[in-house]
Amino acid sequence: MEEIEVFLAVVEAGSQTAAARQLGRSLQSVNRALAALERNVGVELVRRTTRRSLATEAGLAFYHRVKPAFAEISEARLEAANRRVEPSGLLRVAAPVLFGSTHVVPAIADFMARFPRIETDLHVSDRPIDVVADGFDLAVRIRELPDSSLKARRLGELRTVVYGAPGYFARHGRPHHPDDLTDHQCILRRTGPGDTEAWRFQIGGEVKMVQVNGRFRTDNTTAAQAAACHGIGVGYAPFWQIRDRVDDGALEIVLEDFEAPRMPVYAVVPPSAAPPAKTRLFVDLLAGRLKRERL
């Protein structure tokens, strides 16, 4: 491993002197390591001059083969070392407002109880954040992720449901197809003047948007649930947000056969070679908790 590390540094730095400086080793030890590797391989890997050290054709082919393997081994060694160390220090987490309070905070409480040397800074916001620029160890995101350099782990997936109060359905009937919503009062999210609202469903194997209307509009999730409980109309929201009200009978779910594809929940971390133990262990814990939840 040390000989290969020296070889990679010489090729990338362009000289043995620069490689020695980069590795914090003496020029003599770099020379010895490179010569030993060439003896073991049985071919000249680097052509030396007084100023430059350039990879031979065989050396360049060898470099491209061993570079990714060396990175994998280094990452595995670092991860193994991290597993031996009790996590400590500040863990900075970003999460959406409601999901953070309902699901991330309980996971943090569990994590801090297990590891007393951990401190946590939780940032809750529904606005986009830059994990790297803002200095977060991880962020919880509820959406499909675009391609990026960030590392992501899928934690779970969320149902989105249509719901209403038993009293509302007793007076107005239950919708049996998304198109039936045109005959119902729907609780809408506040948007700009003149905007319409569409709810997402899976109909006949395809994802379709259905336009809905209603007399009550709000920008607050809790207010929407309260409006539904008071019989104002039917609402549309992630199941986990109304689960307790469904369990106590205040709300009922309809149109289950037409629910849209579930929304993924991810943990994203900076694109480092290997996340520190505190981040990796917390993501493991959060994933385990979410698997046991009815989301």
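Keep in mind it's a predicted model, so treat the numbers as computed, not measured.

> Mind showing me how you'd approach a nonpolar patch on the surface here?
Together, Val97, Leu98 and Val124 make up a nonpolar patch on the protein surface, roughly 190 Å² of accessible area in all. Tracing the sequence through the fold places valine 124 in strand E4 (residues 118–124).

> Is there a simple way to think about the packing of aromatic side chains in this case?
The geometry of an aromatic ring pair comes down to the distance between the two centres and the angle between the two planes. Going through the model one piece at a time under the given rule, you end up with seven aromatic pairs. Between phenylalanine 99 and tryptophan 240, the aromatic rings sit 5.3 Å apart at their centres with planes inclined by 85°, giving edge-to-face as the arrangement. With phenylalanine 99 in helix H5 (residues 97–114) and tryptophan 240 in helix H8 (residues 239–247), this pair connects stretches of sequence that are 141 residues apart. Both residues of the pair, phenylalanine 99 and tryptophan 240, belong to the buried class. Cluster of aromatic residues (ring-pair linked, three or more members): Phe111, Phe115 and Phe282. The ring of phenylalanine 169 has arginine 174 sitting right over it, with the charged end atom 5.1 Å from the ring centre.

> In this structure, what is going on with the pattern of salt bridges? I would like to understand it.
Side-chain pairing between opposite charges can occur once the charged atoms of the two side chains come close. According to the stated counting rule, one finds twelve salt bridges in the structure shown. Measuring nitrogen to oxygen at the nearest pair gives 2.4 Å for the salt bridge that ties aspartate 284 to arginine 153. Note that aspartate 284 is positioned in helix H9 (residues 277–292) and arginine 153 in strand E6 (residues 151–158), a separation of 131 residues in sequence.

> So what exactly am I meant to see when it comes to the packing of helix H2 (residues 16–23) against helix H3 (residues 27–41) here?
Geometrically, a packed helix pair is captured by the angle between its two axes and the distance between the axes. Between H2 and H3, the shortest axis-to-axis distance is 9 Å and the interhelical angle comes to 110°. Here H3 runs roughly perpendicular to H2, going by the angle between their axes. Here H2 contributes Gln16, Thr17 and Ala20 to the contact with H3, which in turn contributes Leu27, Val30, Asn31 and Leu34.

> It is not clear to me how the sheet that holds strand E5 (residues 138–142) should be interpreted in this structure. Could you clarify?
Pairing between the strands of a sheet is mediated by backbone hydrogen bonds and can be parallel or antiparallel. In space, the five strands of this open sheet follow the order E4-E3-E5-E14-E6, with mixed pairing throughout. Where the open sheet ends on each side, the last strands, each with one partner, are E4 and E6. If you compare each strand with its neighbour and ignore which way they point, the axes differ by 20° on average. By the bridge criterion, seven bridges tie strand E3 (residues 89–95) to E4 in an arrangement that is parallel. Bridge pairing in E4 places alanine 95 opposite valine 124. Taken strand by strand, H5 contacts E3, E4, E5, E6 and strand E14 (263–269), and its axis lies near 180° from that of E4. Strands in contact with H9 are E3, E4, E5, E6 and E14; relative to E6, the strand with the most contacts, it is inclined by about 15°.

> Mind showing me how you'd approach the nonpolar core here?
Considering soluble globular proteins, one finds that nonpolar side chains tend to be buried as a cluster. Counting 25 residues, the largest nonpolar core has Phe99, Val104, Leu138, Leu155 and Phe282 as its most contacted members. Of all the elements in the fold, those that place two or more residues in this core are E3, H5, E5, E6, E14 and H9. The leading source of residues in this core is H9, at six residues. Residues in contact with phenylalanine 99, not counting those within four places in the same chain, are Val104, Val140, Ile142, Leu158, Trp240, Val265 and Leu290. Counting residues in each nonpolar core, the second largest holds 17 residues, with Ala19, Val30, Tyr63 and Phe70 among its members.

> What's the story with the pairing of E14 in this structure? I'm lost.
Of all seven residues making up E14, six are buried, and the element is well covered by its neighbours. Across four bridges, E5 lies against E14 in antiparallel orientation. Residue pairing in the sheet places isoleucine 142 in a bridge with valine 265 of E14. Here E6 runs beside E14; their pairing, made up of seven bridges, is antiparallel. Among the inter-strand pairings, arginine 153 is bridged to a residue of E14, identified as alanine 267.

> What exactly am I supposed to notice about H8 here?
Because each turn of an α-helix spans 3.6 residues, side chains separated by three or four positions end up pointing in the same direction. Here H8 has its buried residues at Phe239, Trp240, Gln241, Ile242 and Arg243. Looking at the buried side of H8, the elements it contacts are H5, E6, strand E7 (160–164), helix H7 (221–229), strand E12 (235–238) and strand E13 (252–254). Remark: glycine 249 follows H8 within two positions and exhibits a positive phi of approximately 85°.

> Any chance you could explain H3 here in plain terms?
Over its 15 residues, H3 extends 21 Å from the first C-alpha to the last, a length consistent with the 21 Å expected when each residue adds 1.5 Å. Looking one or two residues beyond H3, the residue adopting positive phi is glycine 42, at roughly 85°.

> It is not clear to me how the sheet that holds E12 should be interpreted in this structure. Could you clarify?
Across the sheet, which stays open at both edges, the three strands sit in the order E12-E7-E13 with antiparallel pairing between neighbours. Either end of the sheet is taken by a strand with one partner, and the two such strands are E12 and E13. Neighbour-to-neighbour, the strand axes of this sheet turn through a mean angle of 50°, independent of strand direction. Alignment of E7 against E13, held across three bridges, turns out to be antiparallel. Bridged to valine 162 within E13 is valine 254. Across the face of the sheet, H8 comes into contact with E7, E12 and E13 while running at roughly 110° to E12.

Each value, and the rule that gives it
- Residues numbered from 1 in each chain as written.
- Predicted model: local features only at pLDDT ≥ 70, side-chain atom pairs only at ≥ 80, totals over all residues.
- Heavy atoms only, no water.
- Patch = residues over 30% accessible without salt bridge, like charges linked within 9 Å, V, L, I, M, F, W, Y side chains within 5 Å.
- Areas by Shrake-Rupley, 256 points an atom, 1.4 Å probe, with all protein chains shown as cover.
- Salt bridge = Lys/Arg side-chain N within 4 Å of Asp/Glu carboxyl O.
- Helix = DSSP H or I, 4+ residues; strand = E, 2+ residues; numbered from the N terminus.
- Phe/Tyr/Trp six-rings, centres within 6.5 Å; stacked < 30°, edge-to-face > 60°.
- Buried < 20%, exposed > 50% of the residue type's maximum accessible area, 1.4 Å probe, protein only.
- Lys NZ or Arg CZ within 6 Å of the ring centre and 35° of its normal.
- Axes fitted to C-alpha atoms, helices over the stretch in contact; angles between N-to-C directions.
- Parallel < 35°, antiparallel > 145°, perpendicular 65-115°, else oblique.
- Contact = heavy atoms within 4.5 Å.
- Pairing = 2+ DSSP bridges.
- Core = buried A, V, L, I, M, F, W, Y, C linked by side-chain atoms within 4.5 Å.
- Expected span 1.5 Å × (residues − 1).

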